[in-house]
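Next come the chains, spelled out residue by residue.
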Amino acid sequence: MYRQTLTQLAADLRARRVSSVELVRAFLARIEASQRDLNAFVTVTAEQALAQAEAADRALAAGRGGALEGVPFGHKDLFCTAGVRTTCGSRMLKQFISPYDATVVSRLKAAGAVMLGKLNMDEFAMGSSNETSYFGPVRNPWNRALVPGGSSGGSAAAVAARLLPAATATDTGGSIRQPAAFCGVTGIKPTYGRVSRYGMIAFASSLDQAGVIAASAEDAARVLREMAGFDPRDSTSVDAPVPDYLAELDQPLAGLKIGVLKEFFDTGLDAAYERCVREALAVFERLGASVREVSLPNIPLSVPVYYVVAPAECSSNLARYDGVRFGHRCAEAHDLEDLYKRSRSEGFGAEVKRRIMTGTYVLSAGYYDAYYLKAQRVRRLIAADFARAFGEVDLLMGPTTPTPAFELGAKVADPITMYLNDIYTIGANLAGLPAMSVPCGFAAGLPAGLQIIGPHFAEARLLNAAHRYQRETDWHLRIPEAYA
Ligand code: GLN
């Protein structure tokens, strides 16, 4: 039953062909069997999950329950969960137990999803390979010598190996789409403001957005429908009605105008990966869409802009970890400064420290105008490029990443090479746009991802296009041999 999509499992639960307890037991067994190899989870909540599954079965027996009643589920370990630790992949929060649930968590709970555990991730969501986690790297289920991508590597690996039908994830510069592409699963980062950030541990607040990783676009739509919507507790949450993403899934693509992102097919793109993406575009043409090239002249600046803006915001957000109020506290501090210094030195890993230092520098008096302000101006230009493109086309498409998954350890010593992994994903975050990655074939045996970007609040259009594509292809249904 682990091979079934979330949509099929939800239907089986509703029809009482399977119980939530059976499903939860089966997935827990798969999680346990794979944990040493994949390290996808930081915390497994078996007992709590079984109790929740029993309650779900009672609700289903009575003909009650939400849209995801009894469905096994997991949360990236930066969504606060009352009573269950939330580590953010950091020693700093190794023992942190939140007193409340994130809005995403409480909404999915209310919809009946059963949480099986918290998923491993790069420390404070900073990374593209899931190697910065204090809890050790996650491995790619397609080849365990490779990275799963980051920072939502645990979520992507777990769905790819069918340890869970779906999981939450977050995307600040590509952390849903890049690991989804590396692991051959479907991921959607909604429009900034579409999903509440309340209770989601902050990295870079103007970029962070929660979304879903699932096997298919249909599954992602089913989950997003429950997660999305206005939340008065998040000041950047947008008060706009949430369309029924599922009901909008079967629209024909005839007449759809697709722009192919010229700058994404530069010399850095792997040739076999490019073939997969071009073949996917041909499928859309067969479905009646028109495809033409579109240029976003400022998009090559997105990596430098992001690596000024994101560290600046993170240096401010992470100032709260001072050894006093949250997280790790050093032993026997002899004064306040010693407490701050040692708690932070011990609690944060190297990548987080690098970002805090960069961020503090670009915000400092004398450098603010040269770096931060300039980056914000270029950010506007990038957003304007996208706005212009969406005056001409309905959706933009291209590769999600320049290459398929790389080897563990290959890029850790060279942060700039690591940062360049996000070259195709960061633009959507800077402009606040919804974007997806959809499995579109295999490049030298490894999954490749087709990226789809839309105008603000066009999630339904993205999901529909992905769904129509997935009706024509079966890349999203492939399961790595070791977990098949
Ligand atoms: N890889 C990017 C970074 O390291 C994006 C991470 C993310 O989206 N959370 O910042």
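Residues numbered from 1 in each chain as written. Predicted model: local features only at pLDDT ≥ 70, side-chain atom pairs only at ≥ 80, totals over all residues. Heavy atoms only, no water.

1. Topic: the side chain of Thr87
Next, step 1: The residue Thr87 is located in the loop between β2 (72-76) and α4 (103-110) in this model.
Next, step 2: Under the relative-accessibility criterion, Thr87 is labelled buried at 0%.
Next, step 3: In contact with Thr87, not counting residues within four places along its chain, are Val42, Asp77, Leu93, Lys94 and Phe135. (Helix = DSSP H or I, 4+ residues; strand = E, 2+ residues; numbered from the N terminus. Buried < 20%, exposed > 50% of the residue type's maximum accessible area, 1.4 Å probe, protein only. Contact = heavy atoms within 4.5 Å.)

2. Quick word on unusual backbone geometry
Next, step 1: Cis rather than trans, the peptide bond between Gly150 and Ser151 has omega equal to 5°.
Next, step 2: The backbone of Asn39 sits at a positive phi, close to 55°, despite the residue not being glycine.
Next, step 3: Looking at the secondary structure, you find Asn39 in the loop between α2 (20-38) and β1 (41-44).
Next, step 4: The class of Asn39 is buried, set by a relative accessible area of 17%.
Next, step 5: You will see that Cys88, though not glycine, has its phi angle at about 60°, which is positive.
Next, step 6: Note on placement: Cys88 falls in the loop between β2 and α4.
Next, step 7: Exposure remark for Cys88: the relative accessible area of 0% places this residue in the buried category.

3. Describing the packing of aromatic side chains
Next, step 1: This model, assessed by the stated rule, comprises 18 aromatic pairs.
Next, step 2: Each residue in the set Phe96, Phe124, Tyr321, Phe326 and Phe348 is aromatic and connected to the rest through ring pairs, giving one cluster.
Next, step 3: When the ring centre of Tyr2 is taken as origin, the NZ or CZ atom of Arg30, which lies over that ring, is 3.5 Å away.
Next, step 4: Here the guanidinium or amino end of Lys411 rests over the ring plane of Phe406, the centre of that ring lying 4.4 Å away. (Phe/Tyr/Trp six-rings, centres within 6.5 Å; stacked < 30°, edge-to-face > 60°. Lys NZ or Arg CZ within 6 Å of the ring centre and 35° of its normal.)

4. Side note on helix α8 (residues 271-286)
Next, step 1: With 16 residues, α8 ought to run about 22 Å at 1.5 Å a step, and its terminal C-alpha atoms sit 23 Å apart, in line with that.
Next, step 2: The residue sitting at the N-terminus of α8 and contributing the capping side-chain oxygen is Asp270; that oxygen lies 3.2 Å from the backbone nitrogen of Ala272.
Next, step 3: Remark: Gly288 follows α8 within two positions and exhibits a positive phi of approximately 105°. (Expected span 1.5 Å × (residues − 1). Polar contact = N/O pair within 3.5 Å; in protein donor to acceptor, adjacent residues only side chain to side chain.)

5. Brief notes about the side chain of Lys118
Next, step 1: Note on placement: Lys118 falls in strand β3 (residues 114-119).
Next, step 2: Among the polar contacts made by the side chain of Lys118, one reaches the side chain of Thr86 at a distance of 3.0 Å.
Next, step 3: For Lys118, the residues in contact, after removing those within four places along its chain, are Phe41, Val42, Thr43, His75, Lys76, Asp77, Phe79, Thr81, Val84, Arg85 and Thr86.

6. Examining the environment of Ala167
Next, step 1: Positionally, Ala167 belongs in strand β4 (residues 166-171).
Next, step 2: Here the alpha-carbon distance between Ala167 and Pro190, two residues 23 residues apart in the chain, equals 15 Å.
Next, step 3: Contact partners of Ala167, with chain neighbours within four places excluded, come to Phe73, Gly74, Leu119, Ser155, Val159, Gly211, Val212 and Ile213.

7. Points about the packing of α4 against helix α7 (residues 217-227)
Each packed pair of helices is defined by two parameters, the angle between the axes and the distance between the axes.
Next, step 1: Running from N to C, α4 and α7 point in directions that differ by 110°, and their axes come no closer than 8 Å. It follows that α4 is roughly perpendicular to α7 by the angle criterion. The handedness of the crossing between α4 and α7 is right-handed. Here Val104, Arg107 and Leu108 of α4 come into contact with α7, specifically with Val223, Glu226 and Met227.
Next, step 2: Per-class residue counts for the contact of α4 with α7 are four nonpolar, no polar and two charged. (Axes fitted to C-alpha atoms, helices over the stretch in contact; angles between N-to-C directions. Parallel < 35°, antiparallel > 145°, perpendicular 65-115°, else oblique. Left-handed = near helix turned anticlockwise from the far one by under 90°. Nonpolar A, V, L, I, M, F, W, Y, C, P; charged D, E, K, R; others polar.)

Geometric descriptors of this kind do not, in isolation, establish any biological role.
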